[in-house]
Amino acid sequence: MTKVVDYINSSKETLFSFEILPPMKGQGIQNLFNAVEPLMEFKPKFVDVTYHREEYMYKKRENGLLEKVALRKRPGTVGICAALMNRFHIDTVPHIICGGFTKEETENALIDLQFLGIDNVLALRGDAIKTEARFNPLEGGHSYASDLIEQINSMNKGDYLNYEVENAFPTDFCIGVAGYPEKHFEAPNFNVDLEYLKKKVDLGAEYIVTQMFFDNKKYFEFVKKCREIGITVPIIPGLKPLSTMSQLTVLPSIFHIDLPCELVAAAKACKTTQEVRQVGVEWCIEQSKELKQNNVPCLHYYTMGKSDNVVKIASEIF
Ligand code: FAD
């Protein structure tokens, strides 16, 4: 399969890509296929599939005691990648996270991906689970995305964990990483965050995908700062159309981003969710047009499982 950087390097045009979430546990894959199908018209080069780590919940046992059980609400990232490749003949980019994985489990997941012919991964740390105040790696797991990149890179050189494997087959993963135009919320300041981003690139990340942003100035400023400190890899802007009134507060609280006054005012003037969705689409079209005019390598859309609004945007842009 083709690597994300090869798609970017071989195209003079801005590419189209999007991210999907695995369905909730117990749901079939058909709804996902139905959401992806209309987007295929715009010839996406790759589809990202997010990974969701386990959460813990307390279940009451018959004797009245509480039992802590692990629950993975959205399993299936690797299987979904394979299913999308099979159904739509498209490259997929599974997200691989540190949280909840030992290095051995990570290695096994990467071996599965390699067997499936999936050569792209987005390497991430993941967030703290709800019951933890801050991110804690598993014992024997990675603390930062940069550690995960080192492991993937070792496998790309044929170095597997713990033991000598004779004539080891080197993997050939193209590694993408996350970047934050409005700073990662845990970083003490923007410059420190950028230094760690540079470290990820120096260790082998070949491109960056940004957190969503609603003000293009933030992206342009971010790219400028990255270039100033010597980050030269492609920086793919990640865009999400606003789609409900509640997202005016939910998005800033989850993703630690700002929403521009003009967008908030336009959304607040809406009387129905449908109207908010339309405002979100129009805002995202304007963002996309300006980014495309500035020759960004790719426009990457966060669908959050529903694609009708991204279809409207893509039909204006691609
Ligand atoms: P890192 O790069 O490890 O950075 C985390 C923090 O530590 C930052 O504050 C950074 O400045 C600092 N830092 C980095 N390296 C070091 C170091 N070596 N020493 C000290 N400090 C350091 N989450 C999921 O669970 N599943 C997903 O599928 C998913 N997909 C995402 C896709 C994109 C495009 C983005 C932008 C985010 C995604 N996330 C996902 C969320 C992501 O996991 C969180 O934002 C997480 O808090 C940070 O991940 P990271 O890979 O950026 O971490």
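Here the structure is a predicted model, which is why all the values come from computation and not from measurement.

Colleague: Explain the sheet that holds strand β5 (residues 91-97) to me, please; I cannot follow it from the model alone.
Modeller: In a beta sheet, neighbouring strands are held together by backbone hydrogen bonds and run either parallel or antiparallel to one another. Ordered by their spatial adjacency, eight strands build a closed barrel running β1-β2-β5-β6-β7-β8-β9-β10, and the pairing between neighbours is parallel. Adjacent strand axes in the sheet meet at a mean angle of 30 degrees, parallel and antiparallel pairs treated alike. Relative to strand β8 (residues 207-212), strand β7 (residues 174-179) runs parallel, the two sharing four bridges. Its bridge partner being in β8, valine 177 is matched across the sheet by isoleucine 208. Of the strands in this sheet, β1 (15-20), β2 (46-49) and β5 are in contact with helix α3 (residues 77-88), which crosses β5 at around 175 degrees. On top of the sheet, helix α11 (residues 308-317) reaches β1 and β10 (298-302); it is set at about 165 degrees to β10, its chief contact.

Colleague: What's the story with the pairing of strand β4 (residues 66-71) in this structure? I'm lost.
Modeller: The side chains of a regular strand alternate between both faces of the sheet. Summarising burial for β4: zero of the six residues are buried, a small minority. Bridge count for strand β3 (residues 55-60) against β4 is six bridges, and the pairing is antiparallel. Among the inter-strand pairings, methionine 57 is bridged to a residue of β4, identified as valine 69. Turn length for the β3-β4 hairpin, with the two strands adjacent in sequence and antiparallel, is five residues, and the turn residue glycine 64 shows positive phi of about 90 degrees.

Colleague: What exactly am I supposed to notice about the packing of helix α7 (residues 216-228) against helix α10 (residues 273-293) here?
Modeller: Relative placement of two packed helices is described by the angle separating their axes and the distance separating the axes. Contact geometry for α7 and α10: axes closest at 10 Å, N-to-C directions at 30 degrees. Put simply, α7 runs roughly parallel to α10. For the pair α7 and α10, the crossing hand works out as right-handed. Here α7 contributes Asn216, Tyr219 and Phe220 to the contact with α10, which in turn contributes Gln287, Glu290 and Leu291. Across the contact of α7 with α10, the residue classes break down as three nonpolar, two polar and one charged.

Colleague: Teacher, can you tell me more about the site of the ligand here?
Modeller: With respect to spatial proximity, 24 residues lie near the ligand, and among them Tyr51, Asp127, Tyr180, Asp193 and Lys200 are the closest. One of the backbone nitrogen or oxygen atoms of alanine 145 is found 2.9 Å away from an oxygen atom of the ligand. Taking lysine 200, its side chain carries an N or O atom lying 2.7 Å from an oxygen atom of the ligand. Within the complex, the protein chains bury 88% of what would otherwise be the 970 Å² of accessible surface of the ligand. Every element with two or more residues in the shell around the ligand is listed here: β5, β6 (120-124), α5 (145-156), α6 (190-202) and β8. Residue classes in the shell around the ligand are distributed as 12 nonpolar, six polar and six charged.

Colleague: How should the pattern of salt bridges be read in this particular structure?
Modeller: Scanning all chains against the criterion turns up eight salt bridges. We note a salt bridge from lysine 225 to glutamate 221, for which the minimum N-O separation is 3.6 Å. Taken together, the residues span about one helical turn, with lysine 225 and glutamate 221 both in helix α7 at a distance of four residues. When its relative accessible area of 28% is taken as the criterion, lysine 225 is described as partly exposed.

Thresholds applied
- In this convention, every chain numbers its residues from 1, walking through the sequence in written order.
- Note on the predicted model: pLDDT of at least 70 is required for a residue's local features to be given, and 80 or more for side-chain atom pairs to be given and counted; whole-chain, interface and lining totals, by contrast, use all residues.
- Note: side-chain values were computed over all heavy atoms of the structure, leaving out hydrogens and water.
- Note on pairing: two strands pair once DSSP finds at least 2 bridges between them.
- Only runs of H or I of at least four residues qualify as helices and only runs of E of at least two qualify as strands under DSSP, and these elements are numbered from the N terminus.
- Axis geometry follows a simple rule: fit a line to the C-alpha atoms, using only the stretch in contact for helices, then measure angles between N-to-C directions, giving values from 0 to 180 degrees.
- Throughout, a residue-residue contact means that at least one pair of heavy atoms, one from each residue, lies within 4.5 Å.
- When accessible area is computed with a 1.4 Å probe and restricted to protein chains, residues below 20% of their type maximum are described as buried, those above 50% as exposed, and intermediate ones as partly exposed.
- Should an angle lie under 35 degrees it is considered roughly parallel, over 145 roughly antiparallel, and from 65 to 115 roughly perpendicular; all remaining angles are considered oblique.
- Note on convention: near helix rotated counterclockwise from far helix by under a right angle means a left-handed crossing. Clockwise means right-handed.
- Classification used: nonpolar for Ala, Val, Leu, Ile, Met, Phe, Trp, Tyr, Cys and Pro, charged for Asp, Glu, Lys and Arg, polar for all others including Gly.
- Only heavy atoms are used to decide nearness, and a residue is near a molecule or strand if one of them lies within 4 Å of it.
- Each polar contact in these results corresponds to two N or O atoms within 3.5 Å; when the atoms are within protein, one needs to be able to donate a hydrogen and the other to accept it, and residues that are neighboring in sequence are counted only if both atoms are side-chain atoms.
- Reported accessibility uses the Shrake-Rupley method at a 1.4 Å probe radius. Residues are deemed covered only where the shown protein chains occlude them.
- We count a salt bridge whenever a side-chain nitrogen from Lys or Arg sits within 4 Å of a carboxyl oxygen from Asp or Glu.

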